[in-house]
Amino acid sequence: MGKVVLVTGAARQLGGRFVRRIQRDPEVDRVIAVDAVTPPHTLGSAEFVRADIRQSAIARVLAENAVDTVVHLAVTGGAAAGAGSASYSTVKETNVIGTMQLLGACQKSPTVRRLVVKSSTSVYGGTSRDPAVFTETTQPKSLPSAGFAKDASEVEGYVRGFARRRPDVAVCVLRFANILGPFADSALAEYFSMPLIPTVLGYDPRLQFVHEDDVLDVLRLASQTSGPGGLSGTFNIAGDGVLLLSQCARRLGRPTVPLLLPAVTWVGAALRAVGATDFSPEQIRLLTHGRVVETTRMREVLGFEPMYTTAETFADFTRSRGGGLLPPERVARAVDRVAGMLDVDMVDTEGTVGRGASAGPVTEGAKR
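None of the values given here were measured: they were computed from a predicted structure.

Definitions and limits used
- Residues numbered from 1 in each chain as written.
- Predicted model: local features only at pLDDT ≥ 70, side-chain atom pairs only at ≥ 80, totals over all residues.
- Heavy atoms only, no water.
- Helix = DSSP H or I, 4+ residues; strand = E, 2+ residues; numbered from the N terminus.
- Buried < 20%, exposed > 50% of the residue type's maximum accessible area, 1.4 Å probe, protein only.
- Contact = heavy atoms within 4.5 Å.
- Areas by Shrake-Rupley, 256 points an atom, 1.4 Å probe, with all protein chains shown as cover.
- Core = buried A, V, L, I, M, F, W, Y, C linked by side-chain atoms within 4.5 Å.
- Pairing = 2+ DSSP bridges.
- Polar contact = N/O pair within 3.5 Å; in protein donor to acceptor, adjacent residues only side chain to side chain.
- Phe/Tyr/Trp six-rings, centres within 6.5 Å; stacked < 30°, edge-to-face > 60°.
- Arc of directions from axis to C-beta.
- pLDDT = per-residue confidence, 0-100.
- 1 Å grid on protein atoms, 1.4 Å probe; cavity = no way out; pocket = protein on both sides within 12 Å on 5 of 7 lines; lining within 4 Å.
- Points joined across faces, edges and corners; volume = space filled by probe spheres on them.
- Nonpolar A, V, L, I, M, F, W, Y, C, P; charged D, E, K, R; others polar.
- Patch = residues over 30% accessible without salt bridge, like charges linked within 9 Å, V, L, I, M, F, W, Y side chains within 5 Å.
- Salt bridge = Lys/Arg side-chain N within 4 Å of Asp/Glu carboxyl O.
- Axes fitted to C-alpha atoms, helices over the stretch in contact; angles between N-to-C directions.

Participant: I tried to follow the overall build of the protein chain on my own but got confused; where do I start?
Facilitator: When helices and strands are counted, the protein chain shows twelve helices and 13 strands. Here the protein chain holds 368 residues, and 55% of them are scored as buried. Counting only contacts in the protein chain whose residues sit at least 6 apart along the sequence, the fraction spanning at least 24 positions is 80%. Entry remark: accessible area of the protein chain is about 14900 Å², with carbon and sulfur atoms responsible for 54%.

The following block contains the structure:
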């Protein structure tokens, strides 16, 4: 671990927890926490610098503090972008333009020796033509065209360019599966917290999760081992095993509403419009085709073994969300809301939509 560590995205709960975690490392002298907004949580003894990484001022922060390790956690999805009413355009600028500015500052800095970047397995995309399991070298059949997946792909491209220009800096890119846990605030966590879960008719995707505690541990490990002479490269990070979406719904005790894909897309747009959840086209693709990654390099090269499996991660998340069947009146309200969106006579709580093009139950295992 470096003597002076700079962490971006400190106002997010994950960034704040990581800042507090690495302060306990005896090899760390100072932690510089950076974000464009003041964190709603405490950062311990870290020095908070309110700075927008989209601006060139970030170079001055690195220079004035002689930063040697940068942990970039400010690459986030729409719903996970924190800070209240931040629009997607602002989120995208922070993801892409902010990363470009940060990498430019790192390139100019004579003290930076380690760079750890939080990325996502969403860079692999999600189509019916994709392989059953992705490795770090798998190329997507169709490059992400929008949303967080596209942002993450662009960010990784800039990081690879930086690594070529500064071979003396050890660069570690961590592609995380869907992050869940008691404090998770991602779009998928919001989706699983809905009283009634829309699904894509005829598909039961395989999903993979990583516990937020494991995220903190592997970030710390990568920050320690990615120095000069240490480890560099790209690593998939996920818990062992997979869960089907139908299994997730049953473990949550939530009823599902199987819809034809166009109806799911329309409902997602309506939910986003009223601020109910960030049900993006990217998330719909995940809930259609699923995504599973190979984690051999995580274990054999990075030397990291997650404490939680995918099933254990989801169980911990379920406990934090009060897993179990919801009160009938709450389910009825959700049913009425979805039925109104679809203009159908009835949506029952067994996961079947009544009159209309969206009728029919989902079949477990119908797709992968």
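Participant: Explain the nonpolar core to me, please; I cannot follow it from the model alone.
Facilitator: Here is a general trend for soluble globular proteins: nonpolar side chains tend to be buried in one another's company. One finds Val-7, Leu-62, Val-70, Leu-174, Phe-176, Leu-219 and Ile-237 to be the most contacted residues of the largest nonpolar core, which totals 65 residues. Considering every element that reaches this core, the biggest residue donor is helix H6 (residues 212–225), with six residues. Excluding residues within four positions of it along the chain, Val-70 makes contact with Leu-6, Leu-62, Leu-102, Cys-106, Val-112, Arg-114, Leu-115 and Val-116. The next biggest cluster of nonpolar side chains, apart from the first, holds 19 residues, and it includes Ala-189, Ile-197, Leu-286 and Phe-317.

Participant: Got a minute to help me understand the pairing of strand S4 (residues 69–72) in this structure?
Facilitator: Where a strand is regular, its side chains alternate between the two sheet faces. Neither face of S4 is open: one carries Thr-69 and Val-71, the other Val-70 and His-72, and all of them are buried. With four bridges connecting them, strand S1 (residues 4–8) and S4 associate as parallel partners. Across the sheet, residue Thr-8 finds its bridge partner in S4, namely His-72. By the bridge criterion, four bridges tie S4 to strand S5 (residues 114–120) in an arrangement that is parallel.

Participant: Just to check I follow, could you spell out the side chain of His-72 for this structure?
Facilitator: Mapping His-72 onto the fold places it in strand S4. Given the relative accessible area of 1%, His-72 is considered buried. Separated by 2.8 Å, the side chains of His-72 and Thr-8 make a polar contact. When residues no more than four places from it in sequence are discounted, the contact partners of His-72 are Thr-8, Ile-53, Thr-99, Leu-102, Val-116, Val-117 and Lys-118.

Participant: Honestly, the packing of aromatic side chains in this entry has me stumped. Any pointers?
Facilitator: Applying the stated criterion to the full structure yields seven aromatic pairs. Joined through ring pairs, the aromatic side chains of Tyr-191, Phe-192, Phe-209, Phe-314 and Phe-317 make up one cluster.

Participant: When you look at helix H7 (residues 245–252) in this model, what are you seeing that I'm missing?
Facilitator: Because each turn of an α-helix spans 3.6 residues, side chains separated by three or four positions end up pointing in the same direction. What H7 keeps buried is the set Leu-245, Ser-246, Cys-248, Ala-249 and Leu-252. Each buried residue of H7 lies within a common arc of 160 degrees when the element is viewed along its axis, so the set occupies one face.

Participant: Quick question: what am I supposed to make of the confidence of the model for the protein chain here?
Facilitator: Regions with low pLDDT should not have their predicted coordinates read in detail. Averaged over all residues, the pLDDT of the protein chain is 82; the fraction at 70 or higher stands at 78%. Element-level mean pLDDT values for the protein chain span from 49 in helix H12 (residues 328–342) up to 98 in strand S12 (residues 243–244). Low pLDDT, under 50, characterises residues 79–85; the stretch is placed with twelve contacts to residues that sit more than four places away or in other chains. Confidence over residues 344–368 falls short of pLDDT 50; this stretch has 73 contacts with residues more than four positions distant or in other chains.

Participant: I would appreciate a short explanation of empty space enclosed by the protein in the present structure.
Facilitator: Over the atoms rolls a probe the size of a water molecule, and in doing so it shows where empty space is left. In total, this model carries one cavity of 30 Å³ or more according to the counting rule given. By volume, the largest cavity is sized at about 40 Å³. Ser-122, Gly-125, Gly-126, Pro-144, Ala-149, Glu-282, Arg-285 and Arg-291 together form the lining of the largest cavity. In the lining of the largest cavity, the residues fall into two nonpolar, three polar and three charged.

Participant: Before we go on, may I ask you to explain a nonpolar patch on the surface in this structure?
Facilitator: Together, Ile-97, Met-100 and Tyr-158 give the surface a local cluster of nonpolar side chains, amounting to about 250 Å² of exposed area. Summarising the element assignment, Met-100 is placed in helix H3 (residues 88–108). Of the residues examined, Met-100 reaches a relative accessible area of 39% and is grouped as partly exposed.

Participant: Hey, could you run me through the sheet that holds strand S11 (residues 233–237) in this one?
Facilitator: The strands making up a sheet associate through backbone hydrogen bonding, with each pair oriented either parallel or antiparallel. The strand order across the open sheet built from seven strands is S3-S2-S1-S4-S5-S6-S11, with neighbouring strands paired in parallel fashion. Only two strands of the sheet have a single partner each, and these edge strands are strand S3 (47–50) and S11. On average, each strand axis in the sheet is tilted by 20 degrees relative to the strand beside it, whichever way the strands run. Packing of helix H1 (residues 13–22) onto the sheet brings it into contact with S1, strand S2 (30–35), S4 and S5, and relative to S1 it is tilted by some 170 degrees. Seen against the sheet, helix H2 (residues 57–65) touches S1, S2, S3 and S4 and runs at an angle of roughly 170 degrees to S2.

Participant: Hey, could you run me through H1 in this one?
Facilitator: For H1, a buried count of nine out of ten residues is recorded, marking the element as mostly surrounded by other parts of the structure. Three or more residues of H1 are buried, namely Gln-13, Leu-14, Gly-15, Gly-16, Arg-17, Phe-18, Val-19, Arg-21 and Ile-22.

Participant: Got a minute to help me understand unusual backbone geometry in this structure?
Facilitator: Generally, phi is negative for residues other than glycine and the peptide bonds are trans, each holding for most cases. With a phi close to 50 degrees, Ala-66 is a non-glycine residue in the positive phi region. Along the chain, Ala-66 falls in the loop between H2 and S4. Look at Ala-66 and you get partly exposed, because its relative accessible area is 37%.

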